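These are the residues of each chain, in order.
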Amino acid sequence: MTEQAGSVEQIQAVAEPSPAAWVKTELARHPQRPYPMDYIESIFTDFSEIHGDRGFGDDAAMSCGMARFRGEEVMVIGNLKGRTVKDRIHRKFGSPDPEGYRKALRAMKIAEKWSRPVFTFIDLAGANPGIGAEERGQAEAIARNLFEMSRLRVPVIATITGEGGSGGALALAVADRVLILENAIYSVISPEGCASIMWRDASKRAHAAEALKITAQDVKALGCVDDIVSEPRDGAQADAEQAAQLLAEKLSWHFNEVKALSVEEMLARRYEKFRNIAQFYTS
């Protein structure tokens, strides 16, 4: 009996994929990991929140507002997850409704009007998939953000701080520079969702995580992000202050590069950047 059990374990050990991508996924979801608003409060000053989409309501899962970054007036946008159970439910675990994306776009248009650069912070598994969100035009709201961000006439810098999931994340990530924290992930679907579709077994999530190439290192190699932001030795959750300092330095460096460009050159580079993502060969 013992010998048979041992052989089964050996077979499973050979069959199981490397857990590296799943370990990164668990780090990205760590409950003590800093959320977008934690970075906003640490890096920016004079934050003044903007509420409502002027169409339906004020989404508790999305925060937008004016702020200053090292003395310069900017617009910051980030989704909110909440720490307590009650707050998480109120904020739909950080998954915005259509009005959240429309509020974000409204804030971006204000920024464009007053020539204020836009900084977005992303930590969400995806947009809210509820019936109400679909009834109010979730797909259209995300698509509108993609379209409008592609031609926004101010610098846009996006940072994936934890999970960057599906179109819900991309609706805030059509930017001149897309940064990702060292232990964050960026994917078209969650590993559990992928495993459920491909193998009809969510327990194969580690295998799916490897196949999806979702780690910061993978998406950087694929050209989906521009730079990886280092984290403290044991992860951002171990030292939130140091993590914010490391991110602030990267933001400053990329921001200075982008704002030195003319508007037309900035837009042309943004267009080419997204045109060439996932281009594996040319004719």
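Here the residue numbering is sequential within each chain, running from 1 through the sequence in written order. Predicted model: local features are reported for residues with pLDDT of at least 70 only, side-chain atom pairs are reported and counted for 80 or more only, and whole-chain, interface and lining totals are derived from all residues. The side-chain values count all of the structure's non-hydrogen atoms but skip hydrogen atoms and water molecules.

- Under the annotation held in an unreviewed UniProt entry, the chain carries the name Acetyl-coenzyme A carboxylase carboxyl transferase subunit alpha and is attributed to Alloacidobacterium dinghuense.
- UniProt positions are given in the numbering used here, feature names are shortened, and annotations may be inferred rather than shown by experiment. Recorded under Function (unreviewed entry), the UniProt text for the chain is reproduced unchanged: "Component of the acetyl coenzyme A carboxylase (ACC) complex. First, biotin carboxylase catalyzes the carboxylation of biotin on its carrier protein (BCCP) and then the CO(2) group is transferred by the carboxyltransferase to acetyl-CoA to form malonyl-CoA."
- According to UniProt, the comment filed for the chain under the heading Subcellular location (unreviewed entry) is "Cytoplasm".

### Focus on the side chain of K103
Phase 1 of the analysis: Helix and strand definitions follow DSSP, with helices as H or I runs of at least four residues and strands as E runs of at least two, each counted in order from the N terminus. By the element assignment, K103 lies in helix α5 (residues 98–113).
Phase 2 of the analysis: Taking relative accessible area as the criterion, K103 reaches 1% and is therefore assigned buried.
Phase 3 of the analysis: Identification of polar contacts relies on pairs of N or O atoms within 3.5 Å, with a donor-acceptor requirement for protein atoms, meaning one able to donate a hydrogen and the other able to accept it, and with residues adjacent in sequence counted only if both atoms are side-chain atoms. Polar side-chain contacts of K103 include one of 2.6 Å to the backbone oxygen of M62.
Phase 4 of the analysis: By the convention used here, residues are in contact when the closest approach between their heavy atoms is within 4.5 Å. Filtering out sequence-adjacent residues up to four positions away, K103 remains in contact with I50, H51, G52, D53, D58, D59, M62 and C64. Relative accessible area decides the class of each residue, using a 1.4 Å probe on protein chains only: under 20% of the type maximum gives buried, over 50% gives exposed, and in between gives partly exposed.

### What about α5?
Phase 1 of the analysis: Under the convention used throughout, the expected extent of a helix is 1.5 Å for every residue step, that is, one less than its residue count. Helix length check: α5 (16 residues) gives 23 Å between terminal C-alpha atoms against 22 Å at 1.5 Å per residue, within 8%.
Phase 2 of the analysis: Within α5, the full set of buried residues consists of P98, E99, G100, Y101, K103, A104, L105, A107, M108 and A111.

### Some thoughts on the pairing of strand β4 (residues 118–124)
Phase 1 of the analysis: Among the 7 residues in β4, 7 count as buried, and that is most of the element.
Phase 2 of the analysis: Burial along β4 is two-sided: the face carrying V118, T120, I122 and L124 and the face carrying F119, F121 and D123 are both buried.
Phase 3 of the analysis: Pairing between strands is defined by DSSP: at least two bridges between the two strands are required. Of the pairings in the sheet, the one linking strand β3 (residues 72–79) to β4 comprises 4 bridges and is parallel in character. Within the sheet, the bridge partner assigned to G78 lies in β4 and is F121.
Phase 4 of the analysis: Pairing of β4 with strand β5 (residues 156–165), which is carried by 6 bridges, proceeds in the parallel orientation. Its bridge partner lying in β5, I122 is registered against I160.

### Observations concerning the layout of surface pockets
Phase 1 of the analysis: Computed over the protein atoms alone on a 1 Å grid, cavities are sets of points where a 1.4 Å probe fits but cannot get out and pockets are open sets with protein on both sides within 12 Å along at least five of seven lines; a residue lines them when it has an atom within 4 Å of a point. Grid points are joined across faces, edges and corners, and a volume is the space filled by probe spheres set on the points. The computed volume of the largest pocket comes to approximately 310 Å³.
Phase 2 of the analysis: Broken down by secondary-structure element, the contributors of at least two residues to the lining of the largest pocket are α8 (166–170) and β7 (185–187).
Phase 3 of the analysis: Here the lining of the largest pocket gets 3 residues from one element, more than from any other, and that element is α8.
Phase 4 of the analysis: Of the residues that constitute the lining of the largest pocket, the class distribution is 10 nonpolar, 3 polar and 1 charged.
Phase 5 of the analysis: Considering only enclosed or pocket space, the second largest pocket measures out at about 210 Å³ in volume.
Phase 6 of the analysis: In this structure, the second largest pocket is lined by S95, A125, G126, A127, P129, I142, S166, G167, G168, V188, I189 and S190.
Phase 7 of the analysis: Considering every element that reaches the lining of the second largest pocket, the biggest residue donor is α8, with 3 residues.
Phase 8 of the analysis: Along the lines of polarity and charge, the residues of the lining of the second largest pocket split into 6 nonpolar, 6 polar and no charged. Residues were grouped as follows: Ala, Val, Leu, Ile, Met, Phe, Trp, Tyr, Cys and Pro as nonpolar; Asp, Glu, Lys and Arg as charged; and all remaining residues, including Gly, as polar.

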